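The chain contents come next:
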Amino acid sequence: MRVVICGGGVIGACTAYFLSRRGVDVVVVERTEVAAAASGKAGGFLALDWCAGTPLDALARRSFVLHTQLPHEVAGNWAYRRMTAYGGFVAGDDALRGTPSALDWLSSGVVIAHRLGTTDTTAIVHPRKFTSAMMNAALAQGAELRRGRVTGIARDADGTTAKGVETDGGVIEADGVVIAIGPWSLLATQWMRLPAVYGQRSPSIVYDTGRDVPADALFLEYEQSSGAISIEVFPRADGSTLITAFSDVAPLPVDPATVTPDQDAIERLQAIAERLSPLFRADRIIARQACFRPLTRDGLPLIGRVPNCEGLYVATGHNVWGILNAPATGEAFAELITEGAARSVDLTPFDPARLPPLDPSLLRAR
Ligand SMILES: Cc1cc2nc3c(=O)[nH]c(=O)nc-3n(C[C@H](O)[C@H](O)[C@H](O)COP(=O)(O)OP(=O)(O)OC[C@H]3O[C@@H](n4cnc5c(N)ncnc54)[C@H](O)[C@@H]3O)c2cc1C
């Protein structure tokens, strides 16, 4: 059995790993490079139970367990570590501004109000290193990685069965096709009946903080005259710390390689980072970047069979939890494709058929 996976982000890489582990002949087609988009620029934060009470809970719990196991099964070092997560706020011009922070690496006035997660429930990976390691493990199991842009689905004569993908380098024949091109899945609505997938852009700055910042993830509210914003701080075991805030809805560039941050957003983020800790100095910045996370109308991913076409599957829309939920997505996909149904998690809440398909003429009209 041969399966083509479109997209070399974390979802494509994990699906390639679990499928090739079952002996499936896998070809991954990636337009730019592995982890070129959000999967290389995310925070990498993982939580066991932060999706409790939502349809994502089982997927997140299974993924968290797989994230603990994968470092023992897969070659490479992607800086997996357990961490503590805290919530709080940055004091404005009030009496709290001079109060020493409960965490000694933070500036005074950064108020830690509660602990959100412990080393039993929260962890982190370096997302680009994790995605690359999963892809490399898939390649070691016989998968193939091809650089190319997927432009359509090859079908049988009556159009009801996928026979492979059309790319800018020709047709790649296969028995199954998985669409995992993140927010660019919006373009795939021209090739198949698929609900809309949107891209939400976030800027981030990565600092080289070495061992100076401990394993404390932060989720902070920052009061501004225009209203409160949420800031997230993710120190990783390789000595890099990613800080992100602000999301905006910007046009998604057709070419993933041309995603750039808004300069004004980066400057505001840098000013906030400098308010958080003297460790976030300008001379320690190693990346100013932006990425688009894929999301759907109801906030849940699309994971499963594409309606009305045998052999066609989609896995996208993982929103803020794509790095966390990639392993269980890949594992469930391998079961679905090779056994006909997912056993490890129930994919019913993520059935692509639950949402109406986007009218492709709307996209062409843009
Ligand atoms: C600032 C930020 C912080 C985040 N932090 C976290 C976090 O802490 N924890 C967490 O779990 N998640 C986090 N996320 C979310 C996570 O990054 C995403 O959900 C996840 O990376 C999506 O992975 P993907 O594989 O679906 O898509 P992508 O990473 O976008 O990968 C899609 C791939 O498809 C390729 N492609 C596109 N079009 C084509 C085509 N036509 N043919 C072939 N290839 C194509 C692209 O080049 C790209 O490599 C964060 C996201 C952002 C933006």
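Residues numbered from 1 in each chain as written. Predicted model: local features only at pLDDT ≥ 70, side-chain atom pairs only at ≥ 80, totals over all residues. Heavy atoms only, no water.

**A few points about the pairing of strand E11 (residues 170-173)**
Across four bridges, strand E10 (residues 162-167) lies against E11 in antiparallel orientation. Bridged to Thr167 within E11 is Gly170. The turn linking E10 back onto E11 is made up of two residues. (Pairing = 2+ DSSP bridges. Helix = DSSP H or I, 4+ residues; strand = E, 2+ residues; numbered from the N terminus.)

**Remarks on the site of the ligand**
In the neighbourhood of the ligand, 36 residues make up the surrounding shell, with Glu30, Ser39, Cys291, Asn319 and Val320 lying closest. The backbone of Gly43 places a nitrogen or oxygen atom 3.0 Å from a nitrogen atom of the ligand. Burial of the ligand by the surrounding chains reaches 97%, relative to a free accessible area of 1000 Å². Elements supplying a minimum of two residues to the shell around the ligand: helix H1 (10-21), strand E2 (25-30), helix H2 (38-41), strand E17 (285-295) and helix H7 (322-339). The element that contributes the greatest number of residues to the shell around the ligand is H7, accounting for three residues. Each of domain 1 (2-76 + 125-197 + 296-364) and domain 2 (84-117 + 199-293) gives at least three residues to the shell around the ligand. (Near = heavy atom within 4 Å. Polar contact = N/O pair within 3.5 Å; in protein donor to acceptor, adjacent residues only side chain to side chain. Areas by Shrake-Rupley, 256 points an atom, 1.4 Å probe, with all protein chains shown as cover. Domains from an automatic or database assignment.)

**Side note on the state of the cysteines**
Taken as a whole and assessed by the stated rule, the structure comprises zero disulfides. Here Cys14 is not cross-linked by a disulfide; its sulfur's nearest cysteine counterpart is in Cys51, at 16 Å. (Disulfide = S-S within 2.5 Å.)

**Let's talk about the sheet that holds strand E3 (residues 45-47)**
Spatially, the three strands line up as an open sheet ordered E3-E7-E4, and their pairing is antiparallel. Both outer strands of the open sheet, E3 and strand E4 (81-82), are each paired with one neighbouring strand and no more. Two strands pair when backbone bridges link them, and E4 and strand E7 (residues 122-124) are joined in this way by two bridges, in the antiparallel orientation. Paired with Arg81 across the strands is Ile124, a residue of E7. The sheet strands contacting helix H3 (residues 57-73) are E3, E4 and E7, and the helix crosses E3 at an angle near 120°. (Contact = heavy atoms within 4.5 Å. Axes fitted to C-alpha atoms, helices over the stretch in contact; angles between N-to-C directions.)

**Some points on the sheet that holds strand E19 (residues 312-316)**
Consider a sheet: its strands pair through backbone hydrogen bonds, and that pairing is either parallel or antiparallel. The strand order E8-E2-E1-E12-E19-E18 describes an open sheet built from six strands, whose pairing is mixed. This sheet does not close on itself; its edge strands, each paired only once, are strand E8 (144-147) and strand E18 (302-305). On average, each strand axis in the sheet is inclined to that of its neighbour by 20°, with strand direction left out of account. Of the pairings in the sheet, the one linking strand E1 (residues 2-6) to strand E12 (residues 176-179) comprises four bridges and is parallel in character. When the sheet's bridge partners are listed, Val3 is paired in E12 with Gly176. Across the sheet, H1 is in contact with E1, E2 and E19; its angle to E1 comes to roughly 165°.

**Remarks on the domain arrangement of the protein**
What the domain assignment lists for the protein is domain 1 (2-76 + 125-197 + 296-364) and domain 2 (84-117 + 199-293). Counting residues at the interface gives 19 residues for domain 1 and 24 residues for domain 2. Across the domain 1/domain 2 interface, buried area totals approximately 1800 Å², and carbon plus sulfur atoms make up 66% of it. Looking only at domain 1, the three residues that lose the most surface to domain 2 are Lys41, Trp50 and Trp184, adding up to 33% of its buried area. Where domain 1 touches domain 2, the interface holds two salt bridges. In this structure, the connection of domain 1 to domain 2 is made through eight residue pairs in polar contact (both at pLDDT 80 or more). Every element with two or more residues in the side of domain 1 that touches domain 2 is listed here: H2 and helix H4 (127-140). (Buried area = accessible area lost by both parts, 1.4 Å probe. Salt bridge = Lys/Arg side-chain N within 4 Å of Asp/Glu carboxyl O.)

**What about the packing of H1 against H4?**
Running from N to C, H1 and H4 cross one another at 30°; their axes reach a closest spacing of 8 Å. When the interaxial angle is binned, H1 and H4 end up roughly parallel. For the pair H1 and H4, the crossing hand works out as left-handed. Where H1 approaches H4, its residues Val10, Ala13, Cys14, Ala16, Tyr17, Phe18 and Ser20 are matched on the opposing element by Phe130, Thr131, Met134, Met135, Ala137 and Ala138. Residues that form the contact of H1 with H4 fall into these classes: 11 nonpolar, two polar and no charged. (Parallel < 35°, antiparallel > 145°, perpendicular 65-115°, else oblique. Left-handed = near helix turned anticlockwise from the far one by under 90°. Nonpolar A, V, L, I, M, F, W, Y, C, P; charged D, E, K, R; others polar.)

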